[in-house]
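Below are the chains, spelled out letter by letter.
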Amino acid sequence: MTAIAAPYSPAGSRSERDWDEIALRAPKLAATMGRYLNQAATFLAPLSVESADNALRLLARWLLDATDVHTIAEISRDDIEDFKVALAQRRGIKGQALTANTQRQRLRMLRMFVERIIEWDWPDAPMRNPIIGGDIPPRPEPLPKFLDDRDAAKVMAAARAASDPRDRLVVEVLARTGLRASELCDLAADAVVCIGDGHWLRVPVGKLRNDRFIPLHPDLVALLVGWCADNLDHIRAHRRLIADHRGPIDRHQVGRIVRRVARRAGVTAHPHQLRHTLATQAREAGMAVEEIQAQAGRRSIESTRIYLHLANDRLAGEYRRATEAIDAQAMAGS
């Protein structure tokens, strides 16, 4: 029996041989899995169908070798617990243990398979899915990619040397505030505000338009003053801070600008790297983690009161001290 038609199980392939053996030992199991794979081919990409094929064959072979299960409906929670252990101990082609990503992919495919046949009310479907969400290993959080001090200094130097004032402004605002590209594009014409003796950048957050405030470096204030003086009519017309005769900027243009400036510096970078770089440099310079999280907007804040809490002397002092250390590193690395 061939569980799924070509090209997913070509004649003579390992997949076809496996399904033929499974069909001899457990016809109903093979029929249900084969029927699902043929259905999956109508809504999944070919590579996803191949992945589902691999996962189902793996489960079927293990069930037949390690248990008395011969249908999907017979699979119990205990079977899945034992299968997870076997999957973790399984060796790949090169003799290495399966990666957490591969284990996650196999279990996710199997859970989706059982969910679908339950929804479709197939005869061999179990009463409930024995594979629960907790069985699937969480996706590891990738470490943020940031520029080292030397490359960061090169990018800032290239930005200052840029012939287009918009290029310099975009890179310096991102590098000195940790804004996301989309946040930069959405800055209102009146985003720069004075609080006490300092200048702050008001960043709208969320559907309720609550604001978070970011203290501005003195050099960035001077740069923004010059930008506004040169582009005041365009800023007012478009109601966006980053607007000139070309109109307001969008995130695609932001990405191109950062890549272009970085390329001139001999560095590969994208907007989000500048965000991670600032957070890393600030932390290394001694800025408190809580203040970095607040400035970057990485934690949910439920009221304007908490946003306003950012505008205090403690944050401003932490920021000034950290940026002075960052500037010193940049001068040493340039």
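As a convention, each chain's residues are numbered from 1 in the sequence order in which they are written. Local features are withheld for residues below a pLDDT of 70 in this predicted model, meaning they are given only at 70 or higher, and side-chain atom pairs are given and counted only at 80 or more; totals for whole chains, interfaces and linings count all residues. To obtain the side-chain values, all non-hydrogen atoms of the structure were used and water was disregarded.

S.K.: For this particular structure, what's the right way to read the packing of aromatic side chains?
M.R.: The way to describe two aromatic rings as a pair is by their centre distance and the angle between their planes. Note on ring pairs: Phe, Tyr and Trp rings are taken, using the six-membered ring of Trp, and paired if centres are within 6.5 Å. Classes follow the plane angle, with under 30 degrees stacked, over 60 edge-to-face and the rest tilted. Across all of its chains, the model carries five aromatic pairs by this definition. Consider the rings of W120 and W122, whose centres lie 5.2 Å apart with planes at 40°: the pair is tilted. Look at W120 and you get partly exposed, because its relative accessible area is 30%. Ring-pair connections join several aromatic residues into one group, and the members of that group are Y36, F43, F113, W120 and W122. Across the ring face of W122, the terminal group of R35 is positioned such that the distance to the ring centre comes to 3.9 Å. Burial classes follow relative accessibility: with a 1.4 Å probe on protein chains only, a residue under 20% of its type's maximum area counts as buried, one over 50% as exposed, and anything between as partly exposed. In this scheme, Lys NZ or Arg CZ marks a charge over a ring once it lies within 6 Å of the ring centre and within 35 degrees of the ring normal.

S.K.: How should I be thinking about the pattern of salt bridges in this particular structure?
M.R.: Pairs can form between side chains of opposite charge whenever their charged atoms are close. Should a side-chain nitrogen of Lys or Arg be within 4 Å of a carboxyl oxygen of Asp or Glu, the pair is scored as a salt bridge. If you walk through the whole model with that rule in mind, you get 20 salt bridges. Taking the shortest distance from any N to any O, the salt bridge between R212 and E183 comes out at 2.9 Å. In this pair, R212 is assigned in strand β3 (residues 210–215) and E183 in helix α8 (residues 181–185), connecting sequence segments 29 residues apart. Overall, R212 belongs to the buried group, its relative accessible area being 1%. What makes E183 buried here is its relative accessible area of 10%. Two residues, D244 and R246, come together in a salt bridge whose shortest N-O distance is 2.6 Å. When its relative accessible area of 38% is taken as the criterion, R246 is described as partly exposed. Put simply, DSSP H or I for four residues or longer makes a helix, DSSP E for two residues or longer makes a strand, and each gets a number counted from the N terminus.

Keep in mind these numbers describe shape, not what the thing actually does.
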